[in-house]
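Chain and residue survey
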Amino acid sequence: MTQVPSAGFIKHPPLPTLHPNDACARYRIHHHAQTHPATVRNNNNNNNNNNNNNQPASAKEPEMKAKVLVLYYSTYGHTEHLANAIADGARSAGAVATVKRVPELMPPEVAKQAGAKTEQAAPVAHPDELADYDAIIIGSPTRFGRISAQVANFLDQTGSLWAGGKLIGKVGGAFVSTASQHGGAETTLFSILTNLMHHGMITVGLPYAFGGLTRMDEITGGAPYGATTLAGADGARQPSENELAGARFQGRHIAEVATTLLRGRNQ
Ligand SMILES: Cc1cc2nc3c(=O)[nH]c(=O)nc-3n(C[C@H](O)[C@H](O)[C@H](O)COP(=O)(O)O)c2cc1C
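Being a predicted model, the structure only gives us computed values, none of them experimental.

**Some words on the overall build of the protein**
Looking only at helices and strands, the protein has nine helices and six strands in total. Out of the 267 residues belonging to the protein, those deemed buried represent 47%. In the protein, the share of contacts with a sequence separation of at least 24, taken over all contacts with a separation of at least 6, comes to 76%. A total accessible area of about 13600 Å² is found for the protein, and carbon and sulfur atoms account for 54% of it.

See below:
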């Protein structure tokens, strides 16, 4: 696994003490306190009327690892390649990263005719499982400057998660592949990010602390809104070292933010 430098400047201020009537506090209590080991332990202690609770919580806490889902669709493998690099970056920050893909919608004969890469190692995700992660990073090849139908179809099945506020406060990010340099990478990134914001997620991009964003000595993808790659008109170009470094940086950065939030919410 490639080592990815930390963004370094992630020095989050301590979280404020929230009033119990505050919506965020309610969220924190609802989503985290019930399952937090300290809460479960304390509840057990209370239920058993056992006062053996003098030990500082931290002495018994398991290490908190953010769960990161890298979810993508890829017809020819470029977005898949970025997805794996993002997961590597997240793992380098100590997160547990899972790579999954959304279901293909093209009939098999059409996919074959299009020369699609039908064999991809990542298992297919179910919309309901999004609630299980602390961070969700979604990737798509561009289609006319916007998200692919496969990813949109998957997200269209998250209505009940949205209605239940299940993704509120989770960290989200986006990454894309385009054929051409100005073929709509940024509009496609935003067509993913809007979905995440409707879900109440905290969107995180690829900061300029990743110096590869400002390279002028080679043609390269990469945007402050998320990692990108260029496939070329015939799909022959593969993600460059710079683009993969950007993807790893984004994965690490999002994992660091998610871990910081997780620890803060469980204090
Ligand atoms: C219907 C369709 C529309 C596309 N629209 C665009 C586009 O607007 N801009 C662009 O640069 N590439 C466009 N492409 C090219 C794909 O984005 C390219 O094949 C993809 O980035 C490769 O990624 P993948 O290997 O993960 O599928 C389009 C491809 C298809 C099939």
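We are not done yet, so read on.
**Here we look at unusual backbone geometry**
Of note, Phe 144 is a non-glycine position whose phi angle comes to about 55 degrees, a positive value. Considering the arrangement of structural elements, one finds Phe 144 in the loop between strand S3 (135–141) and helix H6 (149–155). On the basis of relative accessibility, which here comes to 82%, the residue Phe 144 falls in the exposed class.

**Observations regarding the site of the ligand**
Not every one of the 17 residues close to the ligand is listed here, only the nearest: Ser 74, His 78, Thr 79, Ser 177 and Gly 183. Thr 75 is positioned such that a nitrogen or oxygen atom in its backbone is 2.9 Å from an oxygen atom of the ligand. One of the backbone nitrogen or oxygen atoms of Thr 142 is found 2.9 Å away from an oxygen atom of the ligand. For the ligand, whose free accessible area comes to 640 Å², the fraction covered by protein is 78%.

**Regarding helix H9 (residues 241–265)**
An ideal rise of 1.5 Å per residue puts 36 Å on 25 residues; H9 measures up with 36 Å between its terminal C-alpha atoms. Among the 25 residues of H9, 21 are classified as buried, and the element is accordingly described as predominantly covered.

**Things to note about the confidence of the model for the protein**
Overall, the prediction assigns the protein a mean pLDDT of 84, with 77% of residues at 70 or greater. Segment residues 7–59: pLDDT under 50, and 49 contacts once partners within four positions in sequence are set aside and those in other chains are kept.

**Considering the layout of surface pockets**
Within this model, the second largest pocket holds a volume of roughly 330 Å³. Contributing to the lining of the second largest pocket are 17 residues, with Gln 181, Glu 186, Thr 220, Gly 221 and Gly 222 lying nearest its centre. Put simply, the parts of the chain that give the lining of the second largest pocket at least two residues each are helix H8 (185–198) and strand S6 (227–230). Counted by class, the lining of the second largest pocket contains seven nonpolar, seven polar and three charged residues.

**So, the nonpolar core**
Of all hydrophobic cores here, the largest spans 28 residues; its most connected members are Val 68, Val 70, Val 99, Val 171 and Phe 175. Broken down by secondary-structure element, the contributors of at least two residues to this core are strand S1 (67–72), helix H4 (78–92), strand S2 (96–101), S3, strand S4 (171–178) and H9. Broken down by element, the residue count for this core peaks at eight residues, all from H9. With 24 residues, the next largest nonpolar core counts Tyr 73, Phe 154, Leu 167 and Leu 196 among its residues.

**Thoughts on the pairing of S4**
Within S4, eight of the eight residues are buried, leaving the element largely enclosed by the surrounding structure. Along S4, one buried face is formed by Val 171, Gly 173, Phe 175 and Ser 177 and the opposite face, lined by Gly 172, Ala 174, Val 176 and Thr 178, is buried too. Taken together, the seven bridges between S3 and S4 define a ladder with parallel strand orientation. Bridging from a neighbouring strand, Pro 141 pairs with Ser 177 of S4. Looking at chain direction, S4 and strand S5 (residues 202–203) are connected through two bridges and run parallel. Each residue of the ladder has a partner; that of Gly 172, found in S5, is Thr 203. The pairing of S4 with S6 spans four bridges and is classified as parallel. Opposite Val 176, over in S6, you have Thr 228 as the bridge partner.

What counts, and at which threshold
- Residues numbered from 1 in each chain as written.
- Predicted model: local features only at pLDDT ≥ 70, side-chain atom pairs only at ≥ 80, totals over all residues.
- Heavy atoms only, no water.
- Helix = DSSP H or I, 4+ residues; strand = E, 2+ residues; numbered from the N terminus.
- Buried < 20%, exposed > 50% of the residue type's maximum accessible area, 1.4 Å probe, protein only.
- Contact = heavy atoms within 4.5 Å.
- Areas by Shrake-Rupley, 256 points an atom, 1.4 Å probe, with all protein chains shown as cover.
- Near = heavy atom within 4 Å.
- Polar contact = N/O pair within 3.5 Å; in protein donor to acceptor, adjacent residues only side chain to side chain.
- Expected span 1.5 Å × (residues − 1).
- pLDDT = per-residue confidence, 0-100.
- 1 Å grid on protein atoms, 1.4 Å probe; cavity = no way out; pocket = protein on both sides within 12 Å on 5 of 7 lines; lining within 4 Å.
- Points joined across faces, edges and corners; volume = space filled by probe spheres on them.
- Nonpolar A, V, L, I, M, F, W, Y, C, P; charged D, E, K, R; others polar.
- Core = buried A, V, L, I, M, F, W, Y, C linked by side-chain atoms within 4.5 Å.
- Pairing = 2+ DSSP bridges.

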